[in-house]
Amino acid sequence: MNYLSEINELLCSIKNDPSLAGQVTEQSNFIEDFGIDSLDIVDFMLGLESQFDIEVDFDAFDFDNLTSAKRLVDYIMAHSTTEA
Amino acid sequence: MPPRVYWAHFDPEACWHDCNSLSLPAPLGAKSALHLALLDDMFVPADAQDLSLTIVPKCQALHDYHVSIGGNYHTQSVFESVEAWVSEDMPSWPEIFASIQSDAGTPYLEVRDTLSSCAQIPYAYLAQAPVSHFQSPPRLDAIRYANSKSTITQLCQQLEIPCVGKVIEHQDEITQLLKLDCPYVLKEAFGVSGKGAYLVKEQRIAERLVRHFQKQSAQGKQGGVIAQPWLDIEIDFSSQWEISACGEITFIGLCRVENKAFRFNGIDLCCQSLSEAVSHSNYYEQIQLLLSELFKVGYFGSVCVDSALLKNGTVYPVIEVNARESMGSIALRWQNKLSIGNSIRLRQYDVTYQAPVNFESILHKLALQGALFCHGKLGGIIPIAAASFGLPQQNNLVKGRWVHLECGSQTSESYRAILQSCLSDVGVSLL
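Residues numbered from 1 in each chain as written. Chains lettered and ligands numbered in written order. Predicted model: local features only at pLDDT ≥ 70, side-chain atom pairs only at ≥ 80, totals over all residues. Heavy atoms only, no water.

S.K.: Would you mind going over the overall build of chain B with me for this structure?
M.R.: Across its full length, chain B carries 13 helices and 17 strands. Taken over C-alpha atoms, the radius of gyration comes to 22 Å for chain B, in line with the 22 Å a tight globule of 431 residues would show. Along the first, second and third principal axes, the C-alpha atoms of chain B reach 60 × 55 × 50 Å. The 431 residues of chain B split such that 55% are buried. Considering only contacts in chain B between residues 6 or more positions apart, those separated by 24 or more positions represent 70%. Only carbon and sulfur atoms are counted for the fraction: they give 50% of the accessible area of chain B, which is about 18500 Å². The average position of the 32 basic charges and that of the 43 acidic charges among the side chains of chain B differ by 6 Å. (Helix = DSSP H or I, 4+ residues; strand = E, 2+ residues; numbered from the N terminus. Rg over C-alpha atoms; globule rule 2.2 N^0.38 Å. Buried < 20%, exposed > 50% of the residue type's maximum accessible area, 1.4 Å probe, protein only. Contact = heavy atoms within 4.5 Å. Areas by Shrake-Rupley, 256 points an atom, 1.4 Å probe, with all protein chains shown as cover. Lys, Arg positive; Asp, Glu negative; His and termini not counted. Charge placed at Lys NZ, Arg CZ, Asp CG, Glu CD.)

Okay, here's the thing in structure tokens:
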């Protein structure tokens, strides 16, 4: 599974901006680089759940997971039951 | 009459929120954007002898410009510079007030003395603020009552004022969210534009959120969430009111609110057709009834009532109540301050920049383009906030917010295009 590519697809959908395709790298900060704001975050987290078959504990999810794509991928892998 | 001091904190709902209430999903550690603390410079005093108390010094070039078009007032700041504020870890007003209440408050004695020796005009009441010798604020429970979307919905329903919504108070009511027709809007009791509200588009999402709330409920949290139907809105508008300490209710003004997907975009003060539609309903009677009830529970001060004109032509009187000042009241204050006629719009845009920006050069460029309002001109832009352009360089681009008034016949789009060009020249990107 190409996590970055799938997260990028989700990002394009949430931001309704196809031009973001191919923009996500391991260093990407979703807040500062792509303007994910407090209104987008719920959709983004719910999208991650659907895409990667995980259940996020919203009250324990660390904001810093959104400041690095690598960190977010690590979070998803740690919580995923799907084979990579 | 005592001197008056104006101060503004733009995230009071976070102070009023009950941490034992249910809350929508939000990551831990998410903080308010840095620049929001510095927008307090747009809360303008009414009279020339009044004082604007801001966290960092008011931009001298912007203040001089305001004075040149009739906007006189005194200024004072908590910190002597943005750098001094940053070196103290960028405290917001609640943190400054907490420090004043503790032994660590010594650096803020001058602020405490100013606030206690003047009559205060706050953007919103904060419980920790030093009390003025001349007035007492409402009790915190009355402030919370007047601002809670849950209590306001229940109060409107008691008063038979149209305000449809399902208040979730107890654990066994959470599953009722599954019975509501999608789409609907879930709001926290103290949610605001931009956060604390979420559009539930489909049943699958409702089921997921119910699981989230049930988990919070099992941990002892309850209440504080309200579901409102998705309204077919033609025009969002708000009305501004003042409840005096003796209960007198004064209508301040009406304004059209430009929203886009829960995001606040701006205010239009010229809304003749809207005013006519509203005056043909019993809107004003309904709101005065509601406000008189808020006074009975102990609230007085500024109130902004968010309302809507629906596509079927009916006026929907209460979407929510913000018992504080608002962007609408700020626009009205500037309109009165500068005597610039009725056709006023307020617009705000997020910006990014690499290094602190010389605001005087922005004013100069706008003037060269003929877009800066000045006496003798029929229209133009009046910038009203500058402090968020002075944040120091960080690892990434710095975020700020541009806020201006527009008057005259040019459209907001044409003013935005001119602004974009001027800001680009000084290294600022308009988002």
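S.K.: Which parts of the structure should I look at to understand the overall build of chain A?
M.R.: A tally of regular secondary structure across chain A gives 3 helices and 0 strands. Its C-alpha radius of gyration of 12 Å places chain A within 12% of the 12 Å reference for a compact globule of 84 residues. Taking the principal axes of its C-alpha atoms as reference, chain A extends roughly 30 × 25 × 20 Å. Taking all 84 residues of chain A together, the buried fraction comes to 44%. Restricting the contact set of chain A to residue pairs at least 6 apart, pairs at least 24 apart contribute 51%. Roughly 4000 Å² of accessible area belongs to chain A as shown, and the carbon and sulfur atoms make up 44% of that amount.

S.K.: When you look at the domain arrangement of chain B in this model, what are you seeing that I'm missing?
M.R.: Interface size is commonly expressed as the accessible area that is lost once the parts come together. Residues and elements named next belong to chain B. Under the domain assignment, chain B is made up of domain 1 (4-137), domain 2 (149-229), domain 3 (231-328) and domain 4 (340-430). Computed from C-alpha atoms alone, the centre-to-centre distance between domain 1 and domain 3 is 25 Å. Every contact between the two is made by 12 residues of domain 1 and, on the other side, 9 residues of domain 3. Carbon and sulfur atoms make up 59% of the area that domain 1 and domain 3 hide from each other, which totals about 720 Å². Of all residues in domain 1, Glu13, Tyr123 and Tyr125 give up the largest surface area on contact with domain 3, accounting jointly for 59% of the area buried on that side. Where domain 1 packs against domain 3, one counts 1 salt bridge. Glu13 is paired through a salt bridge with Arg324; the nearest N and O atoms lie 2.8 Å apart. For the pair domain 1 and domain 3, the number of links is 4 residue pairs in polar contact (both at pLDDT 80 or more). (Domains from an automatic or database assignment. Buried area = accessible area lost by both parts, 1.4 Å probe. Salt bridge = Lys/Arg side-chain N within 4 Å of Asp/Glu carboxyl O. Polar contact = N/O pair within 3.5 Å; in protein donor to acceptor, adjacent residues only side chain to side chain.)

S.K.: What is the right way to read the interface of chain B and chain A from this model?
M.R.: Counting residues at the interface gives 24 residues for chain B, matched by 22 residues for chain A. The three residues of chain B that bury the most area against chain A are Pro27, Leu28 and Arg208 of chain B, which together make up 29% of that side's buried surface. There are 5 salt bridges connecting chain B and chain A. Those elements that provide at least two residues to the side of chain B that touches chain A are β7 (195-200) and α8 (203-218) of chain B. Residue classes in the side of chain B that touches chain A are distributed as 10 nonpolar, 7 polar and 7 charged. (Nonpolar A, V, L, I, M, F, W, Y, C, P; charged D, E, K, R; others polar.)

S.K.: Could you clarify how one ought to interpret the side chain of Ser28 of chain A in this entry?
M.R.: Residues and elements named next belong to chain A. With respect to the helices, strands and loops of the structure, Ser28 is situated in the loop between α1 (3-15) and α2 (38-52). Side-chain polar atoms of Ser28 contact the backbone nitrogen of Thr25, separated by 2.8 Å. In contact with Ser28, other than residues within four places in its own chain, are Gln23, Asp33, Phe34, Thr67, Ser68 and Ala69.

S.K.: In this structure, what is going on with the sheet that holds strand β5 (residues 166-168) of chain B? I would like to understand it.
M.R.: Sheets are built from strands that pair by backbone hydrogen bonding, the pairs being arranged parallel or antiparallel. Residues and elements named next belong to chain B. Spatial ordering of the open sheet is given by β5-β8-β6-β7, a layout of 4 strands whose pairing is antiparallel. Since the sheet does not close on itself, it has two edges, and those belong to β5 and β7, each with one partner. Looking at each pair of strands side by side, their axes are set apart by 20° on average, direction ignored. In terms of strand pairing, β5 meets strand β8 (residues 225-229) through 3 bridges, oriented antiparallel. The residue of β8 that forms the bridge with Val167 is Ile226. Contacts between α8 and the sheet are confined to β6 (184-192), β7 and β8, with β7 contributing the most and set at about 140° to the helix. (Pairing = 2+ DSSP bridges. Axes fitted to C-alpha atoms, helices over the stretch in contact; angles between N-to-C directions.)

S.K.: Before we go on, may I ask you to explain the packing of helix α7 (residues 149-159) of chain B against helix α10 (residues 283-296) of chain B in this structure?
M.R.: The relative placement of two packed helices comes down to the angle between their axes together with the axis-to-axis distance. All names here are of chain B. At a minimum axis distance of 11 Å, the contact between α7 and α10 shows a crossing angle of 120°. In terms of orientation, α7 and α10 fall into the oblique class. Relative to α10, α7 is oriented so that their crossing is right-handed. Contacts between α7 and α10 involve Ile152, Leu155, Cys156 and Leu159 from the former and Leu289, Leu290, Glu293 and Leu294 from the latter. (Parallel < 35°, antiparallel > 145°, perpendicular 65-115°, else oblique. Left-handed = near helix turned anticlockwise from the far one by under 90°.)

S.K.: Sorry, what's going on with the sheet that holds strand β2 (residues 51-54) of chain B here?
M.R.: Residue and element names in this part refer to chain B. Sheet architecture is open: 4 strands sit in the order β3-β2-β1-β4, paired in parallel fashion. The open sheet terminates on both sides in strands that have one partner only, identified here as β3 (74-77) and β4 (119-122). For this sheet the average axis-to-axis angle between neighbouring strands, irrespective of direction, equals 25°. Across 2 bridges, strand β1 (residues 4-7) lies against β2 in parallel orientation. The residue of β2 that forms the bridge with Val5 is Leu51.

S.K.: Please explain the layout of surface pockets as it appears in this structure.
M.R.: Vacant regions in the atomic arrangement are exposed by a probe of water-molecule size rolled over the atoms. All names here are of chain B. One number sums up the size of the second largest pocket: a volume of about 950 Å³. As for the second largest pocket, its lining consists of 49 residues, and the residues nearest its centre are Gln120, Ile121, Pro122, Gln135 and Glu242. Contributions of two or more residues to the lining of the second largest pocket are made by β1, β4, α6 (140-147), β9 (233-243), β12 (301-310) and α11 (327-338). Per element, the largest residue contribution to the lining of the second largest pocket is 5 residues, and it comes from α11. Among the residues making up the lining of the second largest pocket, the classes are represented as 33 nonpolar, 10 polar and 6 charged. A domain-level breakdown of the lining of the second largest pocket finds at least three residues from each of domain 1 (4-137) and domain 3 (231-328). (1 Å grid on protein atoms, 1.4 Å probe; cavity = no way out; pocket = protein on both sides within 12 Å on 5 of 7 lines; lining within 4 Å. Points joined across faces, edges and corners; volume = space filled by probe spheres on them.)

S.K.: Can you help me understand the pairing of strand β16 (residues 398-407) of chain B in this one?
M.R.: Look at any regular strand and the pattern is simple: side chains alternate between the two faces of the sheet. Residue and element names in this part refer to chain B. Within β16, 9 of the 10 residues are buried, which leaves the element mostly enclosed by the surrounding structure. Alignment of strand β14 (residues 344-353) against β16, held across 10 bridges, turns out to be antiparallel. Its bridge partner being in β16, Thr352 is matched across the sheet by Lys399. Where strand β15 (residues 380-383) and β16 come together, 4 bridges link them in antiparallel fashion. Looking across to β16, one finds that Ile382 is bridged to Leu405.

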